[in-house]
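Inside the fold
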Amino acid sequence: MKRYDKIFDLNKKWVDKVTNNNPEFFQELSQGQNPDYLYIGCSDSRVPANEVTGLDIGDLFVHRNIANQVPANDLSSHSIIQYAIDVLEVKHIVVCGHYGCGGVHEAMQPHSHGELDNWLRNIRDVYRMHFDELNKIKDETKKYDRLVELNVIEQCVNIIKTSFLQQSYLKNKTPMVHACVWDMRTGYLKDLDFNFEEHLKDVQKVYNLENGE
Ligand code: CO
C-alpha cells in the first residue's frame, strides 16, 4: 500500500516550487476567486480539469462526477451551476466528456451495477434518445465514442433547461454553454461545435423559464 503521508511531502515540495517563483502567490490567491469558466467533467483520475484545459489555479470553477452528468434531480451539479452563474458570473460553462469513459461504457452493458444503476440510467436515457443513430454504427468503438459525445451534448441541453441559465443569458448574454471531449489517446480536446443559441431556442419551446415570479 502506498504511504498516505506521501501527499504531505509532495504538497511541501509544490508550495516551495510555487513560492520560489512568486513569494506572494498564496497571499494573492487567498483574496478571492474570479474564474471565467465553469468546467463540468468526469471524475476519472486521468482527466484533470486544469491540466487538460491548460488553465491556472483560480481560472476554473470545477464540478466532476461519473460521466460528467447534470441530471434534473441532482442537487450538487445544479447548486454549482447556479452559484457559478449568480455569484461568480462565469462567462462560459464547458461540459467536457472523454473517450474511454468507464461510466459511459458500463451504461452500454446489459447488466446491473446495484446502486450505480440510478446514476448510469441518465446515460442509458441518452442512448434511448439517440437509439436509431447509435444502432446504425456497427463498429463498437465508434458507437462508444459517439455515445460519449451525445452524452456531453445532452448534459449541455440539461444546463440550458435551468431557469438560472435562461434568465442570466437572456439578460446578460452570459454564460454560453459549450460541449467538448478530451481524447486521452492523443491528449487533444475536441470541440463538438455545440450550437448554443439554436439549442436554447429549441429548449425554450417547452422549457421556457425565462420569467421569474
Ligand atoms: Co469518465
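Scroll up for the structure.
Residues numbered from 1 in each chain as written. Predicted model: local features only at pLDDT ≥ 70, side-chain atom pairs only at ≥ 80, totals over all residues. Heavy atoms only, no water.

1. A look at the side chain of His-78
Operational definition: To qualify as a helix, a DSSP run of H or I must reach at least 4 residues; to qualify as a strand, a run of E must reach at least 2; elements of each kind are numbered from the N terminus. We call two residues in contact when some of their heavy atoms are within 4.5 Å.
Summarising the element assignment, His-78 is placed in helix α4 (residues 75–86). Those residues within four positions of His-78 in sequence are excluded, and the remaining contacts are Val-70, Pro-71, Ala-72, Thr-162 and Phe-164.

2. Let's talk about the sheet that holds strand β1 (residues 37–42)
To keep things clear, this is the line we draw: Strand pairing requires that DSSP identify at least two bridges connecting the strands. In this description, a line fitted to the C-alpha atoms serves as the axis of each element, helices being fitted only across the stretch in contact, and the angle between N-to-C directions of two axes falls anywhere from 0 to 180 degrees.
An order of β2-β1-β3-β4-β5 is seen for the five strands of this open sheet, with the pairing classed as mixed. Looking at strand neighbours, the two that pair on one side only are β2 (60–65) and β5 (189–191), the edges of this open sheet. Mean inter-strand twist for the sheet, computed between neighbouring axes without regard to direction, equals 25°. Pairing analysis gives three bridges linking strand β4 (residues 176–182) to β5, with the strands arranged antiparallel. Across the sheet, residue Trp-182 finds its bridge partner in β5, namely Leu-189. Across the sheet, helix α8 (residues 140–160) is in contact with β1, β3 (92–98), β4 and β5; its angle to β4 comes to roughly 160°.

3. Comments concerning the coordination of the cobalt ion
Condition: As a rule, N, O and S atoms within 2.8 Å of a metal are its donors, except that Na, K and Ca use 3.2 Å; water is not among the atoms, so sites may look incomplete. Partly exposed residues are those whose accessible area sits between 20% and 50% of the maximum for their type, while under 20% is buried and over 50% is exposed, using a 1.4 Å probe and protein chains only.
Of the protein atoms, only Cys-42 (SG), His-98 (NE2) and Cys-101 (SG) coordinate the cobalt ion, at distances of 2.0 to 2.3 Å. The sequence pattern describing where the donors of the cobalt ion fall on their chain is C-x55-H-x2-C. Separated by 59 residues along the polypeptide, Cys-42 in strand β1 and Cys-101 in the loop between β3 and α5 (102–107) bring together distant segments of the chain. Note on Cys-42: relative accessible area 6%, which makes it buried. Here Cys-101 falls in the buried class, since its relative accessible area comes to 2%.

4. Some remarks on the side chain of His-63
Topologically, His-63 is positioned in strand β2. Accessibility expressed as a relative area gives 7% for His-63, which makes it buried. With near-sequence residues (within four places) excluded, His-63 lies in contact with Tyr-39, Ile-40, Gly-41, Asp-74, Ser-76, Ser-77 and Ile-80.

5. Some thoughts on unusual backbone geometry
With an omega of -5°, the peptide bond between Thr-174 and Pro-175 qualifies as cis. One can find Pro-175 in the loop between α9 (163–172) and β4. Although it is not a glycine, Ala-67 adopts a positive phi angle of roughly 65°. Here Ala-67 is to be found in the loop between β2 and α4. In the Ramachandran plot, Glu-89 falls in the positive-phi region, its phi being about 50° despite a non-glycine side chain. Note on placement: Glu-89 falls in the loop between α4 and β3.

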